[in-house]
Amino acid sequence: MIIAVLWLSFAVSLICLIAGIMNQSWKLALSSFFLLLPLGYYLTGAENALRILSALPAVPLILAVIFYFQSGKSSPKQKEK
């Protein structure tokens, strides 16, 4: 049952990531990151090459940061004198 929830979370995360990339939305990329966290945590216990996939949640997080800074919401407004 838990495995089914993890893979469902992975599928929804991929949908959010694809939509986030298409729209350059940092909110969708960040939600993809949070949806990938349980699967990444689960894969850290693997004793083979699948352990490398535990770093997979870093991809949407990096994209979310990039999209956030590109959106201009982080730069403070300059006051005109």
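Residues numbered from 1 in each chain as written. Predicted model: local features only at pLDDT ≥ 70, side-chain atom pairs only at ≥ 80, totals over all residues. Heavy atoms only, no water.

Teacher, can you tell me more about the overall build of the protein chain here?
When helices and strands are tallied, the protein chain shows three helices and zero strands. Element order for the protein chain, N to C, with α for helix and β for strand: α-α-α. Every one of the 81 residues in the protein chain was classed for burial, and the buried ones make up 23%. Counted over contacts in the protein chain with a minimum sequence separation of 6, partners at least 24 positions apart contribute 58%. Carbon and sulfur atoms provide 71% of the accessible area of the protein chain, an area that totals close to 6200 Å². (Helix = DSSP H or I, 4+ residues; strand = E, 2+ residues; numbered from the N terminus. Buried < 20%, exposed > 50% of the residue type's maximum accessible area, 1.4 Å probe, protein only. Contact = heavy atoms within 4.5 Å. Areas by Shrake-Rupley, 256 points an atom, 1.4 Å probe, with all protein chains shown as cover.)

Teacher, can you tell me more about helix H1 (residues 2-23) here?
An α-helical segment advances 3.6 residues per turn. Residues three or four places apart therefore align on the same side. Along its 22 residues, H1 runs 31 Å from first to last C-alpha, staying within 8% of the 32 Å computed at 1.5 Å per residue. Those residues of H1 lying buried are Leu 6, Ser 9, Ser 13, Cys 16, Leu 17 and Gly 20. Down the axis of H1, the smallest arc covering the buried residues is 105 degrees, so these residues share one side. Facing away from the buried surface of H1 by more than 90 degrees, the exposed residues are Ala 4, Leu 8, Ile 15 and Met 22. Tucked inside the fold, the buried residues of H1 contact helix H2 (26-43) and helix H3 (58-71). (Expected span 1.5 Å × (residues − 1). Arc of directions from axis to C-beta.)

Explain the packing of H1 against H3 to me, please; I cannot follow it from the model alone.
In a packed pair of helices, the relevant descriptors are the angle between the two axes and the axis-to-axis distance. Look at H1 against H3: their axes get within 11 Å of each other, and the N-to-C directions meet at 25 degrees. Overall, the two elements H1 and H3 adopt an arrangement that is roughly parallel. Our pair here, H1 against H3, has a crossing hand that is left-handed. Contacts between H1 and H3 pair Leu 17, Gly 20 and Ile 21 from the former with Pro 60, Leu 63 and Phe 67 from the latter. Partitioned by chemical class, the residues of the contact of H1 with H3 number five nonpolar, one polar and no charged. (Axes fitted to C-alpha atoms, helices over the stretch in contact; angles between N-to-C directions. Parallel < 35°, antiparallel > 145°, perpendicular 65-115°, else oblique. Left-handed = near helix turned anticlockwise from the far one by under 90°. Nonpolar A, V, L, I, M, F, W, Y, C, P; charged D, E, K, R; others polar.)

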